[in-house]
Amino acid sequence: MSTTNAVPVSLAEIARIAGVGRAAVSNWRRRHDSFPSRIGGTDVSPQFSLSEVEQWLRSNGKLTDAGAREFLWPRFEALGSRDESGLTIAEAARRMRSPRARSAAPELSAEAKSLVGDAARLGRNEGPRQTFEFLLQRWLDTHVRQLSTTPTQLATLMARIALDSRIGEGDGGLTVFDPACGTGHLAAAAAQEYDGPGLALLGCERDPALAALASARLEFATEGRDVRTEIATVDALRDDPFTGLRADIALCNPPFNERDWGYEELATDQRWTHGLPPRTEPELAWVQHLLTHLRPGGTAVIVLPPAVASRKAGRRIRGSLLRTGLLRAVVALPPGCAQPHSVSLQLWLLRAAPEGPHAGPSAQDALLVDATRLGKPGTREQGPDWDALTRFVRSAVSELDRPGGELPEGAVRVSLLDLLDDEVDLTPGRYTASGSEPSGVELAASWDELAGSLNELGDLTKYLSKIGLMAAEPRTTATVGDLVKAGALTLLAGQQPSDTTARPQEAGVPLLTVADLLMDGTPGGLLAPGAAQAVAEEGDVVVAGVVRAFRAWVHQGPPIALGPQLYALRVTPEMLDADFLAGCLRAPANGRQAGTHASSSSRVDIRRLQVLQLPAEEQAMYADAFRRLAAFEALLARAESLGKGLVADVGDRLAAGGLATALGRSPMPGRTHD
């Protein structure tokens, strides 16, 4: 495989290529005089020549089986353009499947065309689909701030409830339509969930790179099956290429909050049978676009921001969708299901009126489902409990056409008379709040979690009480400022962003502020892509530089942007342990010493914070103790929260006469009661 001297790679990328940790690469660099010299970057974040690194790894036997794919990726990054790298991956996928095919992307540069050939050859040797999926995922991860994708679990859930809810079989096959398909997550999920004959996957995407990648993804996803796939590179609202199409199911995760969606030129469009969508309601344009492409009895599932269910500007269209029986269900999802992760997005389930033997009276109610309680508190990056969420939503939607069926807790049927008021507010939580009393199963789960937390606290108590603390002796320390000068860490200071709010489809980086820390620690805003801002990455130590919120911790999870008085300290691993650093910094006495004055609103001078000077072996011992101490603190807080919640819930249940023994129903051994 050919490479280029001009392609730079970082220590982290070398570690991925070799299948080792970054610390191992740092050791190689220090111990081996033959290790390639730095060609760019800084002393803290050096860059090396990819070709020299490849030669060194091969000659020293450091390559793994996955190394060949990892060698490819820096060359894609070196192309510089998101669009060109995406088109190059898509063209490489086409060549993997058809080696003798002519190039379909003449606009690619000479370097990109060379890379297409190398990637195609590697794919044919190591598995075309696996190689394509590796490159696609790396591309999506690299450009996560500019792209909004539908997570696989959410795409699968949407496909399942759409398939479950349709009426009739259409023309003996299944046609799936997505007018804003991105890289094809939803269509691929539908192909995976449907194993019958006659499958057609049709979609639109205005971004050429995304459209090309979607086509490649679907070709691999349907390999070996007789499936028709067609992705049109077009803005579906302005220039619909599938006029007259009647699909069995339509799935869509459209761009949110777009003001320039074609309001003026589409004012007289025939699709707006429920009313012209206001300029501020582009999502309702996508809803009506989907409805025009459904066959009788066909279903559509669309992801929408929660404001669409309640904004005043859209109430007339919402009312019409209800009166005509087209809008059948609204599902409120937990935060973290898709970008933007801090928002509780909604799924709208729409169904075209069936004809023939399946036709019946118009619906007189709508199903509202509140699944927000199925999130994982404190783990936003991990998203919801997908298994529980899928079971709950599918269970609720399965009762859609059974008026007398029993709905799970958190789902209600609401009559149209109650919904069609002056607001036409379809927010599920507005109608399900009265059923929020915890069940016996939920109470038992809380007791179990509290018991587990107390057990862990007991174990940590035994450890921390016996770690052999002695009277403090004078030890050599260094300030953060000294460590920065020595190259042991890099200091990044947060600031007030000029543009805080990102449009949801832009997938902005979560923005953490001091105010968020004083609430629950969850980032409360999104930073617009491209804005200059300090960003904390996984493994960085984040410090709050104000006395009333002073703390320090090792950041875990996706990158977060930092607001004013927040700082990211990026350590040099061979010189400083991140957990050791965080433990030293968060000592209360440290914050008091570095405070500028005595009030709770005073700032902490981060550069004056003290850190013990210890060799690596001792740092590791201290880091372990600091980690356990931090875990002890977190468990104490969690146990307090669980305990208060249980006191309130059990107190309410007792006050309502819920004690089993009060009615002579004393629990028998081996039996439990809700």
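Every chain is numbered on its own, with residues counted from 1 as its sequence reads. Predicted model: local features are reported for residues with pLDDT of at least 70 only, side-chain atom pairs are reported and counted for 80 or more only, and whole-chain, interface and lining totals are derived from all residues. In computing side-chain properties, one takes all heavy atoms of the structure into account and sets aside hydrogens as well as water.

Trainee: So what exactly am I meant to see when it comes to the pairing of strand E5 (residues 199-204) here?
Mentor: Every other side chain in a regular strand lies on the same face of the sheet, so the side chains alternate between the two faces. Most of E5 sits inside the fold, with six of its six residues counted as buried. Per-residue accessibility, obtained with a 1.4 Å probe over protein chains only, is compared with the maximum for each type, and a residue is labelled buried under 20%, exposed over 50%, and partly exposed between these values. Under the scheme used here, helices are H or I runs from DSSP no shorter than 4 residues and strands are E runs no shorter than 2 residues, and both carry numbers assigned from the N terminus. Both faces of E5 are covered, namely the face carrying Leu199, Leu201 and Gly203 and the face carrying Ala200, Leu202 and Cys204. Pairing of strand E4 (residues 174-178) with E5 involves five bridges; the strand directions are parallel. Bridging across to E5, Asp178 finds its partner in Gly203. By this definition, two strands are paired if DSSP reports at least two bridges between them. When E5 meets strand E6 (residues 227-232), the two strands line up parallel, connected through six bridges. Pairing of Leu199 across the sheet is with Val227, part of E6. Assignment of crossover handedness uses the view with strands pointing away from the viewer, where a clockwise path from the first strand over the helix to the second indicates a right-handed crossover. Following the chain from E5 across helix H10 (residues 208-221) to the adjacent parallel E6, one finds a crossover that is right-handed.

Trainee: Explanation requested: the nonpolar core in the structure shown.
Mentor: Grouped burial of nonpolar side chains is what soluble globular proteins tend to show. In terms of nonpolar packing, the biggest core is built from 51 residues, with Leu154, Leu251, Leu347, Leu389 and Val393 touching the most fellow members. Here this core takes eight residues from helix H8 (residues 152-165), the largest share from any one element. What Leu251 contacts, discounting residues up to four positions off in sequence, is Met158, Ala159, Ala162, Val176, Phe177, Asp178, Pro179, Leu186, Ala190 and Val301. We define the nonpolar core as a collection of buried residues of types Ala, Val, Leu, Ile, Met, Phe, Trp, Tyr and Cys that are connected through side-chain atoms lying within 4.5 Å of one another. One finds Leu202, Val234, Ala236 and Trp261 within the second-largest nonpolar core, a separate group that totals 45 residues. Two residues qualify as a contact provided that any one of their heavy atoms is within 4.5 Å of a heavy atom in the partner residue.

Trainee: Would you mind showing me how to read the environment of Pro8 here?
Mentor: Along the chain, Pro8 turns up in strand E1 (residues 8-10). When sequence neighbours within four positions are dropped, the list of residues in contact with Pro8 reads Glu13, Ile39, Gln47, Phe48 and Pro74.

Trainee: Where do I start with the packing of H8 against helix H9 (residues 185-193) in this structure?
Mentor: Between two packed helices, what matters for the description is the angle formed by their axes and the separation of those axes. Fitted lines through C-alpha atoms serve as axes, helices being fitted only where they are in contact, and the angles separating the N-to-C directions of these axes extend from 0 to 180 degrees. Put simply, H8 and H9 touch, their axes get as near as 8 Å, and they point 55 degrees apart. For the element pair H8 / H9, the angle class is oblique. Crossing handedness for the pair H8 and H9: right-handed. Facing Ala155, Thr156, Met158, Ala159, Arg160 and Leu163 of H8, the residues of H9 in contact are His185, Leu186, Ala189, Ala190 and Glu193. Here the contact of H8 with H9 is composed, by residue class, of seven nonpolar, two polar and two charged. When an angle is under 35 degrees it counts as roughly parallel; over 145 it counts as roughly antiparallel; between 65 and 115 it counts as roughly perpendicular; any other value is oblique. It is the rotation of the near helix from the far one that decides the hand of a crossing: anticlockwise by less than a right angle makes it left-handed, clockwise makes it right-handed. Gly is put with the polar residues, along with every residue not named as nonpolar or charged; the nonpolar set is Ala, Val, Leu, Ile, Met, Phe, Trp, Tyr, Cys and Pro, and the charged set is Asp, Glu, Lys and Arg.

Trainee: What exactly am I supposed to notice about the pairing of strand E10 (residues 346-351) here?
Mentor: Of all the six residues making up E10, six are buried; the element is thus mostly covered by neighbouring parts of the structure. Burial along E10 is two-sided: Gln346, Trp348 and Leu350 facing one way and Leu347, Leu349 and Arg351 facing the other are all buried. As paired elements, strand E8 (residues 294-304) and E10 share six bridges and run antiparallel to each other. Across the sheet, Thr299 pairs through a bridge with Arg351, a residue of E10. One ladder, built from five bridges, connects strand E9 (residues 327-332) with E10; its direction is antiparallel. By the bridge assignment, Ala329 is partnered in E10 with Leu349.

Trainee: It is not clear to me how helix H2 (residues 22-31) should be interpreted in this structure. Could you clarify?
Mentor: Residues lying three or four places apart along an α-helix face the same way, a consequence of the helix completing one turn every 3.6 residues. Those residues of H2 not exposed but buried are Val25, Ser26 and Trp28. The buried residues of H2 all sit within an arc of 155 degrees when viewed along its axis, so they share a single face. In H2, the exposed residues that point more than 90 degrees away from the buried face are Arg30 and Arg31. In this structure, the buried residues of H2 make contact with helix H1 (11-18) and helix H3 (50-59). In this description, the arc belongs to the directions extending from the helix axis to the C-beta atoms.

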